[in-house]
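Here are the chains, one letter per residue:
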Amino acid sequence: MSYEGFISTNDDASHCKKYAVSKGYWFDPYIDLFVTSMPGRKTPEISRGYYIRHWCIKSLVEQFLLKTNCQCQIVNLGAGFDTLFWNILEKQLEPKHGFYEIDMPQVVKKKKSIILSKLQLNKSFLSEKVRTTDLTLDTDTYHLMACDLREVKSIDASLCAAGISKKVPTLILAECVFVYMDSSSISKLLNYFTEEFPIVLLADYDPINLNDKFGEVMRQNLSQRNCPLLGAFPDIQSKKQFYKVFSDVNIKLLSDVYNNLPSNDKQRIERLEFLDEVDLLYEMLRHYSISWSYNAPTGLLDAIKL
Ligand code: SAM
């Protein structure tokens, strides 16, 4: 993917999140610090889709933090302008062994400069030693680093240099990232994390089922903007097969998550904007999946569910 391709996928995600937050889908006081311009209008389908994506990731992250009593670490792959770190810090749920974010150099440089220039983002580091290089930002709790996820050796070197522990429970987050990588690179990355980190949960959100008409339109739209969807699985079974380096693999389509949202939450978001084409929303949600897969001692992560 080209330079513009990487940047544009992050711009897209952060603009859609900012728009959905401005409409009241969820609360995030930090997104405005990363996206200062007002994004153009998004359809209600897009904002509802982003809400469900946000709900899934938040739920998996919080369940993991509670199960491990925060005695854990989080590695956020292709983190973009994700604000998760500041939101869990505010709830005093930050992982005690650190929060690590990886993205391409262009995105990391921008994120680093925004963090360093805004007190709301860096005030929690004030009592800590902050170390920076052109492509890294390290504090006692938060670590940001530039790496290409297709280069496992450099990821290992960067994470180790930032002080990651291979012994503590580790949550690997991949929110809409693997889809931009080829399957051999995803496979190498999964092998690395499962071989090096004995207690590991992977939570990933990505397009799926793209081998139909609707999927073809999604592929074409992104390819025209230099963002080919390389790592999308044709169906849940093939994704499960691919993830067999984990002892337990769970995958759900977003359409099923939406149907099973807590009813007060579902009613609340359905009142925010009038949605004419409910069928279109379901069609879209059938083309995205959330998965959570783990290797862990019996009893530690089994109860995590959506
Ligand atoms: N995870 C964030 C979120 O959901 O808000 C950002 C998602 S954005 C769609 C995809 C991100 O993955 C971009 O920031 C992009 O730069 C990053 N990315 C894609 N391929 C990558 C690679 N090979 N190495 C590092 N980062 C990558």
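Below is a summary of the structure that appears in this document.

Rules used in this analysis
Residues numbered from 1 in each chain as written. Predicted model: local features only at pLDDT ≥ 70, side-chain atom pairs only at ≥ 80, totals over all residues. Heavy atoms only, no water. Salt bridge = Lys/Arg side-chain N within 4 Å of Asp/Glu carboxyl O. Helix = DSSP H or I, 4+ residues; strand = E, 2+ residues; numbered from the N terminus. Buried < 20%, exposed > 50% of the residue type's maximum accessible area, 1.4 Å probe, protein only. Expected span 1.5 Å × (residues − 1). Near = heavy atom within 4 Å. Polar contact = N/O pair within 3.5 Å; in protein donor to acceptor, adjacent residues only side chain to side chain. Areas by Shrake-Rupley, 256 points an atom, 1.4 Å probe, with all protein chains shown as cover. Nonpolar A, V, L, I, M, F, W, Y, C, P; charged D, E, K, R; others polar. Pairing = 2+ DSSP bridges. Axes fitted to C-alpha atoms, helices over the stretch in contact; angles between N-to-C directions. Parallel < 35°, antiparallel > 145°, perpendicular 65-115°, else oblique. Left-handed = near helix turned anticlockwise from the far one by under 90°. Contact = heavy atoms within 4.5 Å.

Moving on to the pattern of salt bridges. As a working rule, side chains carrying opposite charge can pair if their charged atoms are close by. What the rule picks out here adds up to 15 salt bridges. Among the ionic pairs, R268 bridges to D265, the shortest N-O distance being 3.5 Å. Residue R268 and its partner D265 are both found in helix α12 (residues 263–272); the two are separated by three residues, about one turn of the helix. The exposure class of R268 is partly exposed, given its relative accessible area of 31%.

Attention now moves to helix α3 (residues 44–67). Given 3.6 residues to a turn, an α-helix orients residues that are three or four positions apart in the same direction. Taking 1.5 Å as the rise per residue, α3 with 24 residues should run 34 Å; its terminal C-alpha atoms sit 34 Å apart, in good agreement. Across the 24 residues of α3, 19 count as buried, placing the element largely inside the fold.

Surveying the vicinity of the ligand reveals 20 residues, the closest of which are K17, R53, G78, D103 and L149. One of the backbone N or O atoms of G78 is found 2.8 Å from a nitrogen atom in the ligand. In this structure, D148 approaches the ligand through a side-chain N or O atom, which is 3.0 Å from a nitrogen atom. For the ligand, whose free accessible area comes to 590 Å², the fraction covered by protein is 99%. Ranked by residue count, the leading element in the shell around the ligand is helix α1 (residues 3–22), at five residues. Looking at the shell around the ligand residue by residue, the class counts come to 10 nonpolar, four polar and six charged.

Okay, the sheet that holds strand β4 (residues 136–138) next. Pairing is mixed in the open sheet, where nine strands are placed in the order β3-β4-β5-β2-β1-β6-β7-β9-β8. Two strands close off the open sheet at either side, each with one partner strand: β3 (131–133) and β8 (248–253). Ignoring strand direction, the axes of neighbouring strands in this sheet form an average angle of 10°.

Two quantities define a packed helix pair, namely the angle between the axes and the distance from one axis to the other. For the pair α3 and α12, the least separation of the axes is 11 Å and the interaxial angle reads 150°. When the axis of α3 is compared with that of α12, the two are roughly antiparallel. For the pair α3 and α12, the crossing hand works out as right-handed. Note on element contacts: α12 touches α3 through D265, R268, I269 and E270, opposite R48, Y51 and W55. A breakdown of the residues in the contact of α3 with α12 according to their chemical character gives three nonpolar, no polar and four charged.

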